[in-house]
Amino acid sequence: DQPFFLLVHIFEPHTPYEPPAEFAARYPSPYDGEVAAADEIVGDLLDELRNLGVYERAMILFLSDHGEGLGEHGEDEHGLFLYRSTLQVPLIMKLPESHRAGEAVSDPVQLIDVYPTLIAALGLPLDDGLQGTSLMSRSRPEPMDQPIYAETAFPRLHFGWSELTALIAGRHHFIEAPQPELYDLLEDPDEVVNLIDSHEALAAELRVALGAFDSDLAAPAATDDKTRERLAALGYVGTAVTSDDDVLPDPKAKIGTLAEIKDAYRLYASGDYEAAAQAYQRIVVEDPKIEDAWEYLALSQIALGRPEEAAATYQAALAQLPNSESLSLRAAMLFERLGRLDDAFVYANIAIPHNPPAAHLLLAQIAFKKGDLESAEVEAREAMSSGRQQAGPWLVLADISIARGEPYEAIDLLTQALDEGVTDHSIYAKLAITYIWVGQFDQAGEVLDGFGDTDDLGLLLAYGRLALSREQWGEARGWFERALVVDPVNPMIKLNLGFVAVAEGRLTDAQKMLEDGLRGNPRSFEGWDTLGMVFARQGDAYGAIAAWERAHEINPEIIGVVYNLGLGYAQVGQLEQAIAHFEEYVARAEPGPQRDQALALIERLKLRVSQGG
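Described in the following lines is the structure provided in the data block. All of these numbers come straight from a predicted model, not from anything done at the bench.

1. Comments concerning the environment of Trp 394
With respect to the helices, strands and loops of the structure, Trp 394 is situated in helix H16 (residues 391-403). Remark: the alpha-carbon pair of Trp 394 and Glu 481, spanning 87 residues in sequence, is separated by 28 Å.

Shown next, in the form of structure tokens:
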């Protein structure tokens, strides 16, 4: 009963063509089935407007944003070319009370004519500087005076091929490309006969007119992985990095490569990573400027368990595309995971303009792993302030507090994160683990309450650590085994299963799990310290010494391992080294029975040395 505006957007027909079952059965072409399904939706809408009694007084506009190639000129979908098959779209308008019903505008119009048409139909004044012309006008400009402009940046932004611009003036269609094209749409509506050589003067005139349009490109903003996967599933595959100085190939010459790219992505999406890697390898050899091809090659190699090969792929990619901030971020993330922190630092800094929150978070993690807590805190707070709410900076700040010996400050930080709405599961898991670390098991249990059915890796590990701390070995093993199903190669899970095996006295199993875990996480103090105990219990004193030396190198602040090294060196007869470790322990330890024992051992060992062994 009052004026309203309704926008109805129907995404179909669009790849992947999957019409509802009734239309799929009726139409051999899935595309036609989707068109028919969309038609039914529009019909239902018009029927409802009639039922509401507003159809007659409504102004209704029906249009589309683009067509679909369906194989014409080798293009299955849209975006790559500027032929009529994808440029020409329906435009139908119903005025209130069906005013001017049945009229048609015979000359070509364009989508920028829609707005002035609506304004004129509503009786509102038109802005003098407005582009486009109202279809309501009885006198429209000559086609040559108002040509139709079209552009596509898709080839350049996605594949590193040349962008295209086009102008339709009257019956002629000019396409500016490395190999320019000119078609007569009346004589050749399928645009098969290129007249560029026989109509040079007309082509030159249209090229000059085309130059008046602004076709400057701006790089697209960063996109998260989930959005990129959804776009790829819809056919929008590929990202490229080019500069204005590059000589780019004509998309017409690359239509076969586009099919290869889509086939490669289908292999990747289906989980056939070996075949995907081979397909992407062929693509980057042929087209080394396609950013996404390099990235999916590396992702395929990572999925196949070959991270070092993926690292080499990223380095080869960045040699070809040194300005790729997206690839730099991916490379930095992988190098950080592999412990190649200097490489990770370089590439993370390159990636800052592309994705500041992610790049600064990565720099914080790198600094933390290097032991530079001051820089880690600066970068974590920069990540926190430069973008959307994310759990990562809070987790790094909590780790920094723990490393500084301030676990209760970490608890306060993580609690603050939850209060501020950062409710990622990783915050709950880290908070529970921190409570466990300070011996507040009941508080840890309260944090984890309600997550028992989770398949989140961090929460499963937290549940396992809580059971481990309560000496509930079987329950702990159950949680860690559930975690191993989620991530079969995760080194932290294997280390924790090693700790359980030690507690249960299964030393052979413990050694295997700890060694497997340390291969993936060689900076785990707890892993090396526990492996040293396993070797010691098995009577392998040299193995124990080697493990404890690694633990001491990682965290020299923990003096218990210094005492153990004293015992190990004494056992193998290296008395001077044993005395030195016991003396270091005595100098740093609080008074107590173990310190007294170390003092007694020093006296006994010195006596043995004075007696010649």
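2. Some thoughts on the sheet that holds strand S3 (residues 148-152)
Spatially, the four strands line up as an open sheet ordered S3-S4-S5-S6, and their pairing is antiparallel. The sheet is open, and its two edges are formed by S3 and strand S6 (181-184), each paired on a single side. Here the strands of the sheet are splayed against their neighbours by 15 degrees on average, with no regard to which way each runs. Relative to strand S4 (residues 164-169), S3 is paired through five bridges, and the arrangement is antiparallel. Each residue of the ladder has a partner; that of Ile 148, found in S4, is Ile 168. Against the sheet, helix H6 (residues 200-210) engages S3, S4, strand S5 (172-176) and S6, with an angle of about 65 degrees to S5.

3. Looking at the packing of aromatic side chains
Between two aromatic rings, the relevant description is the distance of the centres plus the angle of the planes. Going through the model one piece at a time under the given rule, you end up with 16 aromatic pairs. Among the aromatic residues, those joined into a cluster by ring pairs are Tyr 265, Tyr 268, Tyr 273, Tyr 280 and Tyr 296. Its guanidinium or amino end placed over the ring of Tyr 55, Lys 94 lies 4.8 Å from that ring's centre, counting from NZ or CZ. For Lys 370, the ring lying beneath its charged end belongs to Phe 345, and the centroid distance is 5.4 Å.

4. Considering the packing of helix H12 (residues 325-337) against helix H13 (residues 341-350)
Between H12 and H13, whose axes approach to 8 Å, the crossing angle comes to 155 degrees. It follows that H12 is roughly antiparallel to H13 by the angle criterion. As H12 packs across H13, the resulting crossing turns out to be left-handed. Taken together, the residues of H13 that come into contact with H12 (itself represented by Glu 325, Ser 328, Leu 329, Ala 331, Ala 332, Phe 335 and Glu 336) are Leu 341, Asp 343, Ala 344, Tyr 347, Ala 348 and Ile 350. Grouping the constituent residues of the contact of H12 with H13 by class yields nine nonpolar, one polar and three charged.

Cut-offs used in this document
Residues numbered from 1 in each chain as written. Predicted model: local features only at pLDDT ≥ 70, side-chain atom pairs only at ≥ 80, totals over all residues. Heavy atoms only, no water. Helix = DSSP H or I, 4+ residues; strand = E, 2+ residues; numbered from the N terminus. Pairing = 2+ DSSP bridges. Axes fitted to C-alpha atoms, helices over the stretch in contact; angles between N-to-C directions. Contact = heavy atoms within 4.5 Å. Phe/Tyr/Trp six-rings, centres within 6.5 Å; stacked < 30°, edge-to-face > 60°. Lys NZ or Arg CZ within 6 Å of the ring centre and 35° of its normal. Parallel < 35°, antiparallel > 145°, perpendicular 65-115°, else oblique. Left-handed = near helix turned anticlockwise from the far one by under 90°. Nonpolar A, V, L, I, M, F, W, Y, C, P; charged D, E, K, R; others polar.

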